[in-house]
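# Descriptive structure summary
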Amino acid sequence: MSSQIDHLLSESRRFPPSAAFAEQAVGGNALYERAAADREGFWAEQARELHWHTPFTQVLDWTNPPFAEWFADGELNVAYNCLDRHVEAGNGDRIALRWEGEPGDQRNVTYAELTDEVKRLANVLTDLGVERGDRVALYLPMIPEAITSMLAIARIGAVHSVVFGGFSADSLRSRIDDAGAKIVITADGGWRKGKVSPLKPAVDQALADRNGSGIQETVEHVIVVKRGENDVEWTDERDLWWHDVVPQASTEHEAQAFPAETPLFILYTSGTTGKPKGILHTSGGYLTQAAFTNRVVHDVHPETDVYWCTADIGWVTGHTYVTYGPLANGATQLLYEGTPDTPHPGRWWELIEKHGVTVFYTAPTAIRSFMKIGRDVPQGFDLSSLRLLGSVGEPINPEAWVWYREIIGGDETPIVDTWWQTETGAIMISALPGVTETKPGSAQVPIPGVSIAVVDDNGDPVGNGSGGLLVVTEPWPSMLRGIWGDPDRYRETYWEKFADKGYYFAGDGARLDEDGDVWLLGRVDDVMNVSGHRLSTAEIESALVGHEGVAEAAVVGASDETTGQAVVAFVIIKSRYLKQKPVDGLGDELRRWVGEQIGPIARPRDVYIVGELPKTRSGKIMRRLLRDVAEGREVGDTTTLADTAVMSVISAQVK
Ligand code: WTA
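Keep in mind it's a predicted model, so treat the numbers as computed, not measured. (Residues numbered from 1 in each chain as written. Predicted model: local features only at pLDDT ≥ 70, side-chain atom pairs only at ≥ 80, totals over all residues. Heavy atoms only, no water.)

A few words on the overall build of the protein chain. Each helix and strand counted, the protein chain has 22 helices and 30 strands in total. Over its C-alpha atoms the protein chain spans a radius of gyration of 24 Å, differing by no more than 12% from the 26 Å that the globule rule assigns to 655 residues. For the protein chain, the spread of C-alpha atoms along the three principal axes comes to 70 × 60 × 55 Å. Counted over contacts in the protein chain with a minimum sequence separation of 6, partners at least 24 positions apart contribute 70%. Here the protein chain has roughly 24,300 Å² of accessible surface; of this, 46% comes from carbon and sulfur atoms. Looking at charge distribution, the protein chain has the averaged site of its 60 positive side-chain charges lying 3 Å from that of its 94 negative ones. (Helix = DSSP H or I, 4+ residues; strand = E, 2+ residues; numbered from the N terminus. Rg over C-alpha atoms; globule rule 2.2 N^0.38 Å. Contact = heavy atoms within 4.5 Å. Areas by Shrake-Rupley, 256 points an atom, 1.4 Å probe, with all protein chains shown as cover. Lys, Arg positive; Asp, Glu negative; His and termini not counted. Charge placed at Lys NZ, Arg CZ, Asp CG, Glu CD.)

Okay, the pairing of strand 8 (residues 183-187) next. The buried count for strand 8 comes to 5 of 5 residues, which makes it a mostly enclosed element. Neither face of strand 8 is exposed, since I183, I185 and A187 on one face and V184 and T186 on the opposite face are all buried. When strand 6 (residues 135-139) meets strand 8, the two strands line up parallel, connected through 4 bridges. Of the residues in strand 8, the one forming a bridge with Y139 is T186. The pairing of strand 8 with strand 11 (residues 221-225) spans 5 bridges and is parallel. Among the inter-strand pairings, I183 is bridged to a residue of strand 11, identified as H221. (Buried < 20%, exposed > 50% of the residue type's maximum accessible area, 1.4 Å probe, protein only. Pairing = 2+ DSSP bridges.)

This part covers the sheet that holds strand 5 (residues 106-110). As summarised here, the arrangement of the 7 strands in space is 5-4-17-16-18-19-20, forming an open sheet in which the pairing is mixed. Each of the sheet's edge strands pairs with one partner strand only, and the pair in question is strand 5 and strand 20 (415-418). When strand polarity is set aside, the average angle formed by the axes of neighbouring strands in this sheet is 20 degrees. The pairing of strand 16 (residues 306-309) with strand 17 (residues 332-336) spans 2 bridges and is classified as parallel. Looking at the pairing, Y307 lines up with Q333 of strand 17. (Axes fitted to C-alpha atoms, helices over the stretch in contact; angles between N-to-C directions.)

Next up on the list: the packing of aromatic side chains. On inspection of all chains with the given rule, the structure shows 32 aromatic pairs. Each ring, one from Y286 and one from Y324, has its centre 5.7 Å from the other, and the planes form 85 degrees; the classification is edge-to-face. With Y286 in helix 11 (residues 284-296) and Y324 in helix 12 (residues 316-328), this residue pair connects regions lying 38 residues apart in the sequence. Each member of the pair, Y286 as well as Y324, carries the same accessibility label: buried. The rings of W62, F67, W476, Y490, Y494, W495 and Y504 are connected pair by pair, giving a single aromatic cluster. Geometry around W99 places R107 over its ring, the cationic atom sitting 5.7 Å from the centre. Here the guanidinium or amino end of R175 rests over the ring plane of F167, the centre of that ring lying 4.7 Å away. (Phe/Tyr/Trp six-rings, centres within 6.5 Å; stacked < 30°, edge-to-face > 60°. Lys NZ or Arg CZ within 6 Å of the ring centre and 35° of its normal.)

So, about the pattern of salt bridges. Throughout the structure, instances matching the rule amount to 44 salt bridges. Two residues, R238 and D239, come together in a salt bridge whose shortest N-O distance is 2.7 Å. D239 matches R238 in its accessibility class, with the two residues each being buried. Here the salt bridges share partners, and the residues they tie into one network are R368, K372, E394, E552 and K615. (Salt bridge = Lys/Arg side-chain N within 4 Å of Asp/Glu carboxyl O.)

With 7 of 8 residues buried, helix 21 (residues 623-630) lies mostly within the body of the structure. Inspection of helix 21 places R623, L625, L626, R627, D628, V629 and A630 among the buried residues, and these make up the whole buried set. For helix 21, the elements touching its buried residues are helix 18 (537-545), strand 28 (550-560), strand 29 (564-573) and helix 22 (646-654). Downstream of helix 21 by a residue or two, G632 has a phi angle that is positive, lying close to 70 degrees.

Time to look at the pairing of strand 18 (residues 359-362). The two faces of strand 18 match: V359 and Y361 on one face and F360 and T362 on the other face are all buried. Bridge count for strand 18 against strand 19 (residues 388-392) is 4 bridges, and the pairing is parallel. Bridge assignment links V359 to a residue of strand 19, and that residue is L388.

Surveying the vicinity of the ligand reveals 16 residues, the closest of which are D417, T418, Q421, T422 and D508. Taking G393, its main chain carries an N or O atom lying 3.1 Å from a nitrogen atom of the ligand. Within the side chain of D508, an N or O atom sits 2.9 Å from an oxygen atom of the ligand. For the ligand, whose free accessible area comes to 530 Å², the fraction covered by protein is 91%. When contributions to the shell around the ligand are tallied by element, the ones reaching two or more residues are helix 12, strand 20 and strand 25 (518-523). (Near = heavy atom within 4 Å. Polar contact = N/O pair within 3.5 Å; in protein donor to acceptor, adjacent residues only side chain to side chain.)

With that out of the way, let us pick up the packing of helix 3 (residues 39-47) against helix 11. Axis separation between helix 3 and helix 11 bottoms out at 9 Å; the angle between their running directions is 85 degrees. Classified by the angle their axes make, helix 3 and helix 11 are roughly perpendicular. Residues F42, W43, Q46 and A47 of helix 3 form the contact with helix 11, whose participating residues are T288, Q289, F292 and R295. Counted by class, the contact of helix 3 with helix 11 contains 4 nonpolar, 3 polar and 1 charged residues. (Parallel < 35°, antiparallel > 145°, perpendicular 65-115°, else oblique. Nonpolar A, V, L, I, M, F, W, Y, C, P; charged D, E, K, R; others polar.)

Every buried residue of helix 22 is listed here: V646, M647, I650, S651 and V654. Projected onto a plane normal to the axis of helix 22, the buried residues spread over an arc of 130 degrees and lie on a single side. (Arc of directions from axis to C-beta.)

Within the secondary structure, T282 sits in strand 15 (residues 277-282). Overall, T282 belongs to the buried group, its relative accessible area being 3%. A polar contact of 2.8 Å, which involves the side chain of T282, links it to the side chain of E261. Polar contacts involving the side chain of T282 include one to the side chain of R481, which spans 3.4 Å. Non-local contacts of T282, meaning those with residues more than four positions away in its chain, are made with A260, E261, T262, P263, L264 and R481.

What follows covers the sheet that holds strand 25. The 4 strands lie next to each other as 21-22-24-25, forming an open sheet whose pairing is antiparallel. For this open sheet the edge positions go to strand 21 (452-455) and strand 25, each flanked by a neighbour on one side alone. For this sheet, the mean inter-axis angle between neighbouring strands, taken without regard to orientation, is 45 degrees. Examined bridge by bridge, strand 21 and strand 22 (residues 467-472) share 4 bridges and lie antiparallel to one another. Residue pairing for strand 22: V454 is matched across the bridge by L470. Sheet strands touched by helix 18: strand 24 (504-512) and strand 25. Its angle to strand 25, the strand with the most contacts, is close to 100 degrees.

Interpretation in functional terms is not warranted from these geometric data alone.
Laid out in C-alpha cells, this is it:
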C-alpha cells in the first residue's frame, strides 16, 4: 500500500500579522536565517539564554543514535533557572502564578514565594531520603503545590512522573511500578464540576492492592496536600500532611548543578493505541527548547503578558508550557483548577476578562465544544486583552480556526497552530506569530532549528502538493531520550521504519501544500483506503464540521466489499441547530455536503448522529473504538476513555 495520502480540501484564506504585532514580536525572520546557517550553533545560542553552573563546550553528540546527548558536558539546575535566577535579577516580586480555584478562591504566588516554597519542599524530600535519580510520582489537581512539587523534585536532581488526576487507581499503580517511585505527592482531592473529587483514596487503593502480586513496594511515603474537606484514610508511618512538613522546613537550599543529560521527568503516554510508554526527558536540551519556543511562538513578554495555557500538568503541554517554559522565561501566568463550564459555561472567558489574559493556548477539542454551545457565551465577556491565541493537540479544522480568531480573538489576534508530541518535548512545527502569514488549518513550518520532511514509505520526499508520512530528519534538543526501561521499544517504535535514513517517525500523516506549508492529517493508523485512495481523517472531519449544523465529527474506515474500506462518519449536531431543524434527512444532507466539498470518493457511506464522541482524557478522539462499532464488532479496551459510558451509548444509537 502506498503511503501517499490524497489531498482533497483547499483553503485560500490568509492572515498576515498586523504591522504593530510584527514590530513588537520576540521572534523575527533572522532566527530562520541563523538556524539555517548553523543549526547546532543556533541551539547553543538558545541554550546560553539559560544559566549554566558549568558552561558546555559540546553541543550535540549523535555518535550513538537514536540516543542523543545535548550540551552533555555542561551543568545546570532546572529549578534554579525557573526560580532563583529571576529573584536574583530583582524580579522576586513579579507574580509567577495567578491561581484561581474552581470555587473562586485565589492565590497570587510571586517568584520569591515560589522559590522559597520549592526550597522548603526540596529540603523535605531530601530529609525523606530522596536522592538524585530517584523517582517521585505526582497525582495532584491544578494547584500551586503541583508546580512546586515538579520544581522541588527537579531541584534535587530527582525525576518526576506526573499521573493525570483523572486516571484510575490501576493506571496510577502501573505507572508507580514501572517507574519504581519512592514517594507519591497527592491531595485529598481537587475541585471539579462543583465538588471535591477525591485523589488520596486512589493512591491508597493503588498502594494497598498488591498482596500476592509479587511486586515489591517501592513507595516509602505519601505527602498529602489538603485541598478540600474530604475525610481521608491514614497510614501512619507512611503518610504525611504537606502542611505538617513543608511550612516548617528551611528556605535555605542551594541549587546543585547537574549534568545536562540528568533525567528530568518520565511522562506516560497511552495515546490512542497500545500500552503506556514512559517517555523520558532530560534537563538541558529540554529546558532550552521549552523556553525558546515559549518565547518565540507564544511571544511571551515577561514584564507585561498574562499568559494562560489551559492544559493540565498531567499532559506534556502542562509540563512544557505551564511549568518549564513560562517559568524559565520569568513569565506571569494564570493557573486554573477547575473545568471550563463550572459554575457557568463562560468560566474561561470570565477568567480571561478578570485576569487580563493576553496570550491564550488551548486545544481544538475545547474550541469545538465552545462552538457547540454558541458564540453568545464568550461574547458576554470583554476579551480585548487577548493579543495571541494558540492551539495544540489535534489538527484544528479551518472552521474552528476562523471561529477562534473571530469570536475569541476579536478578528485581530494571530493564531499559532503548534504541532508537537510528548516525545518531541516542545513545539516543532508552528507559525511565528510576528512573521508568518497564517493559513487556517495549517501548522505551517518547522520552527527555526528543527528539520522535518514529508516522505513516502521509502523515506523519499513526496514534494510540495503531496501527502505522506511526517518525519523529523535531525535530532533536536528536547527530543525524548528513550522509553523508561525499554530501549528496544524506543528504537522499534520511533526509529525502525526509516532506520537507514536515521529519521524519527512521528506516526502522523501530513501534506505539504504548494508553498511547502505543512498540514497535519491525523495519525497514519487512522488513514482510510477507499477504492485505492488514501484519505485522511482530518480532511473529511474538517469538511463535516464546515457544515453549519455540525459541532464535531469523527470518521473511520470500515471494511467494505466493493471499495475495500468505506468512510463512516459520527457527528454531533449543534444544539442551536437541532432546535431549528429536524434531524431527519440530515445524514443524507451531510453525505451530499462532503461530496460537494471534497469529492464523491470522500462521501461517507454511513453518517451516525451521536451525542458524544469517545475521547481520551486529553481530548483526542479514539477512532479505533468507532471502527469497532462501524464494523459491528465488540468494542475494544475503553479504559483510557475520559467517559467509559460513551461507547455503550454510541453502540446503542448505531444499532
Ligand atoms: C496530535 C501533545 C495536528 C498529533 C502536544 C501528535 C496535532 C499527537 C497537533 C501528540 C497539531 C498535536 N495539529 N495534530 N497542532 N498537536 N497533534 O503526545 O497526532 O499528547 O502526534 O502531545 O497529537 O499528542 P501528545
